[in-house]
Amino acid sequence: MDIVSFRHVWKRYPNGTEALRDITFDVPEGDFVFLVGPSGAGKSSLVRLLIREERPTRGEVYVHGLELGELPRHRLPHLRRQVGLVFQDYKLLPRLSAYENVAFALRVLGEPRRTIARRVGEALEVVGLAHERDRYPCELSGGEQQRVAIARALVHGPRLLVADEPTGNLDPGTAWEIMQILMRINAGGATVLMATHNRDIVDSMRRRVVALDAGRIVRDCPHSTYHEAAPASALRA
Ligand SMILES: Nc1ncnc2c1ncn2[C@@H]1O[C@H](COP(=O)(O)OP(=O)(O)OP(=O)(O)O)[C@@H](O)[C@H]1O
Ligand SMILES: [Mg+2]
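> Kindly report on the site of ligand 1, identifying the contributing residues and their values.
Surrounding ligand 1, one finds 14 residues, the nearest of these being Ser-39, Gly-40, Lys-43, Ser-45 and His-197. Gly-40 places a polar main-chain atom, nitrogen or oxygen, 2.8 Å from an oxygen atom of ligand 1. Broken down by element, the residue count for the shell around ligand 1 peaks at four residues, all from helix 1 (residues 43-50). Each residue belonging to the shell around ligand 1 can be placed in one class, and the counts come to four nonpolar, eight polar and two charged.

So this is what it looks like as C-alpha coordinates:
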(Lines give C-alpha, C1' and ligand atoms only; values in the text may rest on other atoms or scores of the structure.)
(Ligands and ions follow the chains in the order given, each with its own letter.)
Protein backbone atom coordinates (compact mmCIF):
# COMPACT_ATOMS: atom_id res chain seq x y z
CA MET A 1 0.00 0.00 0.00
CA ASP A 2 1.17 3.54 -0.64
CA ILE A 3 2.21 5.27 2.52
CA VAL A 4 1.22 8.70 1.17
CA SER A 5 -1.43 9.55 -1.41
CA PHE A 6 -2.60 12.95 -2.54
CA ARG A 7 -5.77 13.00 -4.65
CA HIS A 8 -6.56 16.26 -6.47
CA VAL A 9 -5.52 18.33 -3.49
CA TRP A 10 -6.02 22.07 -3.52
CA LYS A 11 -4.98 24.39 -0.73
CA ARG A 12 -6.10 27.97 -0.53
CA TYR A 13 -5.20 29.93 2.60
CA PRO A 14 -7.75 32.28 4.16
CA ASN A 15 -5.93 35.28 2.64
CA GLY A 16 -6.67 33.89 -0.82
CA THR A 17 -3.21 32.48 -1.61
CA GLU A 18 -3.55 29.35 -3.73
CA ALA A 19 -0.64 27.31 -2.35
CA LEU A 20 -1.41 23.91 -3.93
CA ARG A 21 -3.31 23.23 -7.14
CA ASP A 22 -4.61 19.82 -8.06
CA ILE A 23 -1.81 17.82 -6.45
CA THR A 24 -2.00 14.07 -7.16
CA PHE A 25 0.84 11.70 -6.35
CA ASP A 26 1.61 8.51 -4.41
CA VAL A 27 4.59 7.48 -2.37
CA PRO A 28 5.10 3.71 -2.05
CA GLU A 29 6.43 2.39 1.22
CA GLY A 30 10.23 2.55 1.36
CA ASP A 31 10.61 5.29 -1.24
CA PHE A 32 13.00 8.26 -0.90
CA VAL A 33 11.47 11.37 -2.43
CA PHE A 34 12.88 14.85 -2.88
CA LEU A 35 10.36 17.66 -3.06
CA VAL A 36 11.91 20.59 -4.90
CA GLY A 37 10.77 23.90 -6.32
CA PRO A 38 11.33 27.62 -5.91
CA SER A 39 10.46 29.47 -2.74
CA GLY A 40 6.70 29.71 -2.41
CA ALA A 41 6.10 26.67 -4.66
CA GLY A 42 4.10 24.95 -1.91
CA LYS A 43 6.54 22.41 -0.42
CA SER A 44 5.93 23.32 3.22
CA SER A 45 2.20 23.58 2.60
CA LEU A 46 2.25 20.01 1.32
CA VAL A 47 4.16 18.91 4.43
CA ARG A 48 1.64 20.65 6.71
CA LEU A 49 -1.21 18.76 5.04
CA LEU A 50 0.56 15.46 5.74
CA ILE A 51 0.37 15.94 9.49
CA ARG A 52 -3.02 17.67 9.30
CA GLU A 53 -1.58 20.92 10.55
CA GLU A 54 -3.65 22.24 7.64
CA ARG A 55 -6.58 20.71 5.79
CA PRO A 56 -6.98 20.67 2.02
CA THR A 57 -9.52 23.08 0.55
CA ARG A 58 -10.42 20.30 -1.89
CA GLY A 59 -9.21 16.74 -2.46
CA GLU A 60 -7.93 14.03 -0.14
CA VAL A 61 -4.69 13.28 1.63
CA TYR A 62 -4.07 9.70 2.78
CA VAL A 63 -1.35 8.51 5.14
CA HIS A 64 -1.19 4.74 5.66
CA GLY A 65 -4.49 4.60 3.79
CA LEU A 66 -6.14 6.87 6.32
CA GLU A 67 -7.97 9.87 4.87
CA LEU A 68 -6.79 12.76 7.02
CA GLY A 69 -9.77 14.99 6.38
CA GLU A 70 -11.99 12.47 8.14
CA LEU A 71 -9.59 11.87 10.97
CA PRO A 72 -11.23 12.84 14.26
CA ARG A 73 -9.27 15.30 16.34
CA HIS A 74 -8.49 12.75 19.05
CA ARG A 75 -6.66 10.59 16.46
CA LEU A 76 -4.24 13.42 15.55
CA PRO A 77 -1.61 12.57 18.17
CA HIS A 78 -1.57 9.01 16.83
CA LEU A 79 -1.06 10.27 13.25
CA ARG A 80 1.71 12.58 14.34
CA ARG A 81 3.53 9.71 16.03
CA GLN A 82 3.40 7.74 12.80
CA VAL A 83 5.05 10.57 10.89
CA GLY A 84 8.48 11.73 12.05
CA LEU A 85 9.07 15.41 11.32
CA VAL A 86 12.33 17.28 10.90
CA PHE A 87 12.62 21.02 10.23
CA GLN A 88 15.28 23.40 9.01
CA ASP A 89 15.57 25.08 12.42
CA TYR A 90 15.61 21.91 14.58
CA LYS A 91 12.98 23.19 17.04
CA LEU A 92 14.64 21.67 20.10
CA LEU A 93 13.60 22.71 23.59
CA PRO A 94 16.53 24.86 24.81
CA ARG A 95 16.21 23.95 28.50
CA LEU A 96 16.29 20.20 27.92
CA SER A 97 19.34 18.05 27.25
CA ALA A 98 19.68 16.08 24.02
CA TYR A 99 18.42 13.01 25.88
CA GLU A 100 15.45 14.85 27.38
CA ASN A 101 14.53 16.43 24.04
CA VAL A 102 14.20 12.96 22.54
CA ALA A 103 12.54 11.49 25.64
CA PHE A 104 10.01 14.30 25.98
CA ALA A 105 7.34 12.91 23.65
CA LEU A 106 7.55 9.48 25.26
CA ARG A 107 7.23 10.94 28.76
CA VAL A 108 4.10 12.79 27.68
CA LEU A 109 2.67 9.40 26.70
CA GLY A 110 3.48 8.05 30.13
CA GLU A 111 5.78 5.32 28.82
CA PRO A 112 7.66 3.40 31.53
CA ARG A 113 11.08 4.80 32.37
CA ARG A 114 12.92 1.68 31.17
CA THR A 115 11.18 1.74 27.80
CA ILE A 116 12.01 5.43 27.43
CA ALA A 117 15.68 4.85 28.27
CA ARG A 118 15.95 2.03 25.74
CA ARG A 119 14.20 3.82 22.89
CA VAL A 120 15.95 7.15 23.40
CA GLY A 121 19.29 5.33 23.61
CA GLU A 122 18.57 3.54 20.34
CA ALA A 123 17.46 6.72 18.57
CA LEU A 124 20.56 8.63 19.69
CA GLU A 125 22.66 5.69 18.56
CA VAL A 126 21.19 5.85 15.04
CA VAL A 127 22.27 9.47 14.70
CA GLY A 128 25.65 8.86 16.33
CA LEU A 129 25.05 11.08 19.34
CA ALA A 130 24.86 8.63 22.22
CA HIS A 131 27.98 10.18 23.78
CA GLU A 132 26.53 13.73 23.70
CA ARG A 133 23.25 12.84 25.34
CA ASP A 134 23.64 15.16 28.32
CA ARG A 135 24.49 18.28 26.34
CA TYR A 136 22.06 21.13 25.91
CA PRO A 137 21.16 22.44 22.45
CA CYS A 138 23.32 25.57 22.95
CA GLU A 139 26.32 23.24 23.54
CA LEU A 140 25.79 21.43 20.24
CA SER A 141 26.69 22.44 16.68
CA GLY A 142 23.92 22.93 14.15
CA GLY A 143 24.59 19.52 12.66
CA GLU A 144 24.46 17.90 16.09
CA GLN A 145 21.23 19.72 16.92
CA GLN A 146 19.74 18.44 13.70
CA ARG A 147 20.81 14.93 14.63
CA VAL A 148 19.02 15.27 17.97
CA ALA A 149 15.95 16.45 16.07
CA ILE A 150 16.16 13.38 13.82
CA ALA A 151 16.49 11.12 16.86
CA ARG A 152 13.39 12.78 18.29
CA ALA A 153 11.55 12.15 15.01
CA LEU A 154 12.61 8.49 15.10
CA VAL A 155 11.83 7.67 18.69
CA HIS A 156 8.27 6.56 17.93
CA GLY A 157 9.52 4.25 15.17
CA PRO A 158 7.67 6.06 12.35
CA ARG A 159 7.42 4.41 8.95
CA LEU A 160 7.43 7.84 7.33
CA LEU A 161 9.98 10.57 7.95
CA VAL A 162 9.20 14.01 6.55
CA ALA A 163 11.99 16.56 6.50
CA ASP A 164 11.39 20.17 5.47
CA GLU A 165 14.73 21.64 4.34
CA PRO A 166 16.69 19.70 7.00
CA THR A 167 20.09 20.80 5.67
CA GLY A 168 19.12 24.43 5.02
CA ASN A 169 21.23 25.85 7.86
CA LEU A 170 24.21 23.51 7.52
CA ASP A 171 27.52 23.67 5.69
CA PRO A 172 27.95 21.18 2.83
CA GLY A 173 29.97 18.63 4.82
CA THR A 174 27.52 18.61 7.71
CA ALA A 175 24.61 18.48 5.29
CA TRP A 176 26.10 15.29 3.86
CA GLU A 177 26.34 13.75 7.31
CA ILE A 178 22.65 14.43 7.77
CA MET A 179 21.91 12.90 4.35
CA GLN A 180 23.84 9.79 5.28
CA ILE A 181 21.71 9.40 8.37
CA LEU A 182 18.52 9.86 6.33
CA MET A 183 19.74 7.29 3.79
CA ARG A 184 20.45 4.80 6.57
CA ILE A 185 16.98 5.34 7.99
CA ASN A 186 15.55 4.78 4.51
CA ALA A 187 17.65 1.66 4.02
CA GLY A 188 16.19 0.43 7.30
CA GLY A 189 12.75 0.49 5.69
CA ALA A 190 11.34 3.93 6.53
CA THR A 191 9.97 6.11 3.75
CA VAL A 192 11.62 9.54 3.51
CA LEU A 193 10.07 12.66 1.99
CA MET A 194 12.44 15.61 1.98
CA ALA A 195 11.77 19.16 0.81
CA THR A 196 15.00 20.85 -0.20
CA HIS A 197 16.72 23.60 -2.18
CA ASN A 198 20.01 21.73 -2.00
CA ARG A 199 20.83 21.08 -5.60
CA ASP A 200 24.11 19.23 -4.98
CA ILE A 201 22.45 16.72 -2.70
CA VAL A 202 19.54 16.06 -5.05
CA ASP A 203 21.85 15.74 -8.05
CA SER A 204 24.23 13.32 -6.42
CA MET A 205 21.60 11.08 -4.86
CA ARG A 206 19.58 10.45 -8.01
CA ARG A 207 16.37 9.60 -6.24
CA ARG A 208 12.80 10.32 -7.13
CA VAL A 209 12.18 14.06 -7.55
CA VAL A 210 8.78 15.68 -7.32
CA ALA A 211 9.07 19.28 -8.50
CA LEU A 212 6.50 21.91 -7.57
CA ASP A 213 6.03 25.28 -9.16
CA ALA A 214 3.35 27.75 -8.14
CA GLY A 215 1.45 25.00 -6.36
CA ARG A 216 1.48 22.46 -9.18
CA ILE A 217 3.52 19.31 -9.75
CA VAL A 218 5.55 20.10 -12.83
CA ARG A 219 7.72 16.96 -12.74
CA ASP A 220 7.75 13.60 -10.99
CA CYS A 221 10.67 11.40 -12.07
CA PRO A 222 12.57 8.50 -10.55
CA HIS A 223 16.39 8.80 -10.33
CA SER A 224 16.24 12.49 -11.21
CA THR A 225 18.04 15.78 -10.59
CA TYR A 226 17.23 19.19 -9.13
CA HIS A 227 16.68 20.73 -12.54
CA GLU A 228 15.25 18.83 -15.39
CA ALA A 229 18.00 17.84 -17.81
CA ALA A 230 17.92 20.21 -20.75
CA PRO A 231 16.69 18.55 -23.92
CA ALA A 232 19.45 17.78 -26.40
CA SER A 233 18.02 20.36 -28.81
CA ALA A 234 18.51 23.10 -26.18
CA LEU A 235 22.15 22.07 -25.70
CA ARG A 236 22.81 22.28 -29.41
CA ALA A 237 21.23 25.72 -29.73
N1 LIG B 1 -0.30 30.30 6.61
C2 LIG B 1 -0.29 30.87 5.40
N3 LIG B 1 -1.22 31.80 5.07
C4 LIG B 1 -1.23 32.37 3.85
N5 LIG B 1 -0.38 32.06 2.87
C6 LIG B 1 0.56 31.15 3.13
C7 LIG B 1 0.66 30.50 4.40
N8 LIG B 1 1.70 29.63 4.37
C9 LIG B 1 2.21 29.73 3.14
N10 LIG B 1 1.54 30.64 2.39
C11 LIG B 1 1.77 30.97 0.99
O12 LIG B 1 1.57 29.79 0.24
C13 LIG B 1 2.53 29.69 -0.81
C14 LIG B 1 3.34 28.42 -0.64
O15 LIG B 1 4.14 28.56 0.53
P16 LIG B 1 5.04 27.39 1.11
O17 LIG B 1 5.56 27.83 2.42
O18 LIG B 1 4.27 26.13 1.05
O19 LIG B 1 6.21 27.34 0.02
P20 LIG B 1 7.62 26.58 0.04
O21 LIG B 1 7.72 25.86 -1.25
O22 LIG B 1 7.75 25.80 1.28
O23 LIG B 1 8.67 27.77 0.04
P24 LIG B 1 10.16 27.83 0.68
O25 LIG B 1 11.04 27.12 -0.28
O26 LIG B 1 10.46 29.30 0.74
O27 LIG B 1 10.11 27.20 2.03
C28 LIG B 1 3.35 30.96 -0.75
O29 LIG B 1 2.78 31.90 -1.63
C30 LIG B 1 3.18 31.43 0.69
O31 LIG B 1 3.30 32.81 0.78
MG1 LIG C 1 9.07 25.83 2.89
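Moving on from the model shown.
> Report on the nonpolar core, specifying residues and quantitative values.
Formed by 43 residues in total, the largest nonpolar core has its most connected members in Phe-34, Val-102, Val-120, Ile-150, Met-179, Leu-182 and Ile-185. Phe-6, Ile-23, Leu-46 and Leu-71 belong to the second-largest nonpolar core, a separate cluster that totals 30 residues.

> Let's hear about the packing of helix 3 (residues 98-108) against helix 4 (residues 113-126): which residues, and what values?
In the contact formed by helix 3 and helix 4, the axes pass within 10 Å of each other and the chain directions differ by 135°. The orientation of helix 3 relative to helix 4 falls into the category oblique. Crossing angle aside, the handedness with which helix 3 passes helix 4 is right-handed. Touching Tyr-99, Val-102, Ala-103, Leu-106 and Arg-107 of helix 3 are Ile-116, Ala-117, Arg-119, Val-120, Ala-123 and Leu-124, all from helix 4. For the contact of helix 3 with helix 4, the class distribution of residues is nine nonpolar, no polar and two charged.

Rules of the game
- Residues numbered from 1 in each chain as written.
- Chains lettered and ligands numbered in written order.
- Predicted model: local features only at pLDDT ≥ 70, side-chain atom pairs only at ≥ 80, totals over all residues.
- Heavy atoms only, no water.
- Near = heavy atom within 4 Å.
- Polar contact = N/O pair within 3.5 Å; in protein donor to acceptor, adjacent residues only side chain to side chain.
- Helix = DSSP H or I, 4+ residues; strand = E, 2+ residues; numbered from the N terminus.
- Nonpolar A, V, L, I, M, F, W, Y, C, P; charged D, E, K, R; others polar.
- Core = buried A, V, L, I, M, F, W, Y, C linked by side-chain atoms within 4.5 Å.
- Buried < 20%, exposed > 50% of the residue type's maximum accessible area, 1.4 Å probe, protein only.
- Axes fitted to C-alpha atoms, helices over the stretch in contact; angles between N-to-C directions.
- Parallel < 35°, antiparallel > 145°, perpendicular 65-115°, else oblique.
- Left-handed = near helix turned anticlockwise from the far one by under 90°.
- Contact = heavy atoms within 4.5 Å.

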